[in-house]
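Inside the fold
Chain by chain, the residues run as shown.
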Amino acid sequence: VAVRDGHVDAEPVARFGEFGTDDGGGKLDLTDPMLAAALQSGELMHVQSEPFIDSDHPSRYLVCAPVVAASGKVLGVLAVERMAFTALTLETLQFVTVLLAYYGDSLEHGEGVRAVQAEFARCPDEFALELVRLQRLLQVAFVRSSLIAFELPADARAAEEWQTRFERMRRSIDIAWLHVAGGRRRLLLVLPLTDAQGIGGYLERIQRRLREDYGTDLGGAGIQVHSVEVDPRPPVEQLRAFLGPLTK
């Protein structure tokens, strides 16, 4: 359900299954204690949370999880009325938290994206937004991601050919940005869910594809690679620190 100007809508904007059909007319119970606790704390609540174990005022819901943007604004609430008992695990609840944080920053992303583009005017919206969301995921769920930069050849035609090759090999979840400064071209990629250790496997796959398809590798082409994990600093600070040494 949506939260608009601090007010929770009773009518869901989306539902799965027969939510609220027992006696709620398909609507959210705005007086429910778990809903109130989730909104007050800004955190996911469930039936095994301390306030609801052996409570005199039980909730009709199993899970209530607010959708909170990086600004702290609550944009909505996910309420779960029924689910398989075996699915109510710590891993499931953590996964829900990750998804809602990512979704919340997708809904309200303006400030972080504007900060990035104020310093890097040519940074694509999609790249800046993904970096904002991944920095947030690290903060709320300790999910690690990375940035990687490929130094392309100085020759414009050769650089374009290599950019095309990397674009063909990148994963569908990776977001690319061709950064041009000081006559140098770098293909930057933000790699969701890939930590520093995972970069090794990522580059190994790239090298194997290059040998199979083009008979060369990064070293043979003179392409340098730089990488860093996304960290808790504001995204614009991270980009500044990452690109700074590359421009010298």
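Just above, that's the structure.
Quantities reported herein were computed from a predicted structural model and do not represent experimental measurements. (Residues numbered from 1 in each chain as written. Predicted model: local features only at pLDDT ≥ 70, side-chain atom pairs only at ≥ 80, totals over all residues. Heavy atoms only, no water.)

Considering the sheet that holds strand S8 (residues 184-191)
- If you walk across this open sheet you meet the 4 strands as S7-S8-S6-S9, and the pairing is antiparallel. Two strands in the sheet have a free side with no partner beyond their single neighbour: strand S7 (175-181) and strand S9 (225-229). Averaged over all pairs of adjacent strands, the angle between their axes in this sheet comes to 20°, without regard to strand direction. (Pairing = 2+ DSSP bridges. Helix = DSSP H or I, 4+ residues; strand = E, 2+ residues; numbered from the N terminus. Axes fitted to C-alpha atoms, helices over the stretch in contact; angles between N-to-C directions.)

Some details on the packing of helix H5 (residues 156-169) against helix H6 (residues 196-214)
- At a minimum axis distance of 11 Å, the contact between H5 and H6 shows a crossing angle of 120°. Taken together, the axes of H5 and H6 lie oblique to each other. Of the two elements, H5 crosses H6, and the hand of that crossing is right-handed. Taking contact as the criterion, the partners of Trp-162, Arg-165, Phe-166, Arg-168 and Met-169 in H5 are, on H6, Arg-205, Ile-206, Arg-209, Leu-210 and Tyr-214.
- The residue makeup of the contact of H5 with H6, split by class, is 6 nonpolar, no polar and 4 charged. (Parallel < 35°, antiparallel > 145°, perpendicular 65-115°, else oblique. Left-handed = near helix turned anticlockwise from the far one by under 90°. Contact = heavy atoms within 4.5 Å. Nonpolar A, V, L, I, M, F, W, Y, C, P; charged D, E, K, R; others polar.)

Remarks on the pattern of salt bridges
- The tally for this structure, following the rule as stated, stands at 13 salt bridges.
- As a salt-bridge pair, Asp-9 and Arg-4 come within 2.6 Å of each other at their nearest N and O atoms.
- Note that Glu-119 is salt-bridged to Arg-240, the shortest N-O span being 2.7 Å. Of this pair, Glu-119 sits in helix H3 (residues 110-119) while Arg-240 sits in helix H8 (residues 235-243), placing them 121 residues apart in sequence.
- Under the relative-accessibility criterion, Glu-119 is labelled partly exposed at 38%.
- Among the residues examined, Arg-240 registers a relative accessible area of 40% and is labelled partly exposed. (Salt bridge = Lys/Arg side-chain N within 4 Å of Asp/Glu carboxyl O. Buried < 20%, exposed > 50% of the residue type's maximum accessible area, 1.4 Å probe, protein only.)

Focus: the pairing of strand S6 (residues 146-151)
- Counting buried residues in S6 gives 6 out of 6 residues, a clear majority hidden from the surface.
- Here S6 shows a buried face lined by Ser-146, Ile-148 and Phe-150 and a second buried face lined by Leu-147, Ala-149 and Glu-151.
- Note that S6 and S8 share 6 bridges and pair antiparallel. Across the sheet, the residue bridging to Glu-151 is Arg-186, located in S8.
- Sheet topology places S6 next to S9; 5 bridges connect them, and they run antiparallel. Note on S9: the bridge partner recorded for Ala-149 is His-226.

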